[in-house]
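One letter stands for each residue in the lines below.
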Amino acid sequence: MDHKKTKTIRAIYVKILYYLNTSTSVNWGSQATSAGMRHLVSESCPNADFEPFDLPPLPLKWFPYLRIIADVLLIHYIKKNNKIGLELLLRWYGIHPEKYHQCDAVVFNGEGTIHHKSGHFFRLIASLYAFKINGKTVISMNQTVDIPIKGMHADMIKLVYPRLDAVYTREPVSCRLLQNLGIENSVIGDAAYALPQMTADEIDALARKYELPVDYIALTGSSFLEKNKKSVGKIISVIDAIKEIPYPIVFLANTKTDLYLAKKVEKVRDIRTISYKDAKYREGMAIVAKARLLIGGRQHPNIFAAIYGTPFIGLEGNTHKMKGVIELLQYPIPSMNWNSDQAELSNLVKRILNDEIDFSQVTVPVVRAPNIL
């Protein structure tokens, strides 16, 4: 893997293909990620066309377990360097061969798909290999990697990632995992960190229409939670843990699951909900920036909090990404899980609000475009 290509390479980029394109997602974090990626590319390659690529839904929607056959074949074709078989199978997966000739470089936004619970994993990693063997510069970045060290996922990563021009992770836990697989990579942080920081006036203007109280605690859900009674109970438990705190709770529901849970919780607890239907990511950033405290398991709202100096308590999600964010930021509060003791959580919130925890060592990364662009 060559990380030392000269900047003259920029002159040959006419079109840069970008995916996953999360700009149209309801999720504020996904919106911010795509905006950050576009910003990085525009700064580094201002004359190149930046073309988002929208992949179709995965096939076999009602029988997803059958995709294991295709995924095994993808690994086989890559091992054998069978270009024809690989491209035919990826065509079945919705990536047409002509796409490999419609760009000069690929910037892959790994976002939250490079983990063993993701149905998109094998199609995405195999597609990077297909672009690479068709002579394109391929960069994989903005990703949490959470896979077993042994098994099909590790086999695929080890076949493909060493062939790419650069691999970047967004936090150190994923970096170490890839290193343990023998894959060279660097941490450059989440693309959301790259967005130009809003001024206090901009924050006030964006938040004004929501008529927020002077002091409030923001609460989010988590990728760990699902649309069920058990998850509703976990959110209620967090709310009850801080019931003695004299600040209203604003639930930031920036996914469909979060909004479902918020509507259930509203029936039994006094909260206000602001959802993805009410606001886009910049408004979400402003609301987080003005909160006294943020509690939750959504990675990007916690990143927003770090950027704008709002203390947060990170609750774990469906991968190790929260641990990674905590380590990257040198954050003084370790991540907690949704089963944490209520008294422990209550005491922690009081200590934060009483300025008893030192946040002076928190380091928000400065993310710049990789030199390879």
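Residues numbered from 1 in each chain as written. Predicted model: local features only at pLDDT ≥ 70, side-chain atom pairs only at ≥ 80, totals over all residues. Heavy atoms only, no water.

## Let's talk about the pairing of strand 4 (residues 137–143)
If a strand is regular, its side chains alternate between the two faces of the sheet.
Moving on, step 1. Taking burial as the measure, the 7 residues of strand 4 include 7 buried ones, the bulk of the element.
Moving on, step 2. Relative to strand 4, strand 3 (residues 105–111) runs parallel, the two being bridged by 6 bridges. Note that in strand 4 the partner of Val 107 across the bridge is Ile 139.
Moving on, step 3. Taking the sense of rotation as the criterion, the β-α-β connection linking strand 3, helix 4 (residues 121–133) and strand 4 turns out right-handed.
Moving on, step 4. Direction of pairing for strand 4 relative to strand 5 (residues 166–169): parallel, over a ladder of 2 bridges. Residue pairing for strand 5: Ile 139 is matched across the bridge by Ala 166.
Moving on, step 5. Remark: the strand 4/helix 5 (residues 152–160)/strand 5 crossover connection has right-handed handedness. (Buried < 20%, exposed > 50% of the residue type's maximum accessible area, 1.4 Å probe, protein only. Helix = DSSP H or I, 4+ residues; strand = E, 2+ residues; numbered from the N terminus. Pairing = 2+ DSSP bridges. Right-handed = clockwise from strand over helix to strand, strands pointing away.)

## Let's talk about helix 6 (residues 172–180)
Moving on, step 1. Every buried residue belonging to helix 6 is among Pro 172, Val 173, Ser 174, Cys 175, Leu 177 and Leu 178, and all of these are buried.
Moving on, step 2. Tucked into the core, helix 6 has its buried residues touching strand 4, helix 5, strand 5, strand 6 (186–187) and helix 12 (321–329).
Moving on, step 3. Sitting at the head of helix 6, Glu 171 places a side-chain oxygen 2.9 Å from the backbone nitrogen of Val 173.
Moving on, step 4. Following helix 6 by one or two positions, Gly 182 has its phi on the positive side, about 85°. (Contact = heavy atoms within 4.5 Å. Polar contact = N/O pair within 3.5 Å; in protein donor to acceptor, adjacent residues only side chain to side chain.)

## A look at the pattern of salt bridges
Moving on, step 1. As enumerated under the stated definition, the model contains 14 salt bridges in all.
Moving on, step 2. Residues Arg 176 and Glu 327 are paired through a salt bridge, measuring 2.7 Å at the closest nitrogen-oxygen approach. On the criterion of sequence distance, the pair formed by Arg 176 in helix 6 and Glu 327 in helix 12 is long-range, its members being 151 residues apart.
Moving on, step 3. On the basis of relative accessible area, Glu 327 is assigned to the partly exposed category, the value being 35%.
Moving on, step 4. Taking the shortest distance from any N to any O, the salt bridge between Lys 290 and Asp 204 comes out at 2.8 Å. Taken together, the positions of Lys 290 in helix 10 (residues 281–290) and Asp 204 in helix 7 (residues 200–208) put the pair 86 residues apart, joining distant regions of the chain.
Moving on, step 5. Looking at Asp 204, the relative accessible area reads 30%, which means it is partly exposed.
Moving on, step 6. The structure contains a network of salt bridges with shared partners spanning Lys 15, Glu 51 and Lys 99. (Salt bridge = Lys/Arg side-chain N within 4 Å of Asp/Glu carboxyl O.)

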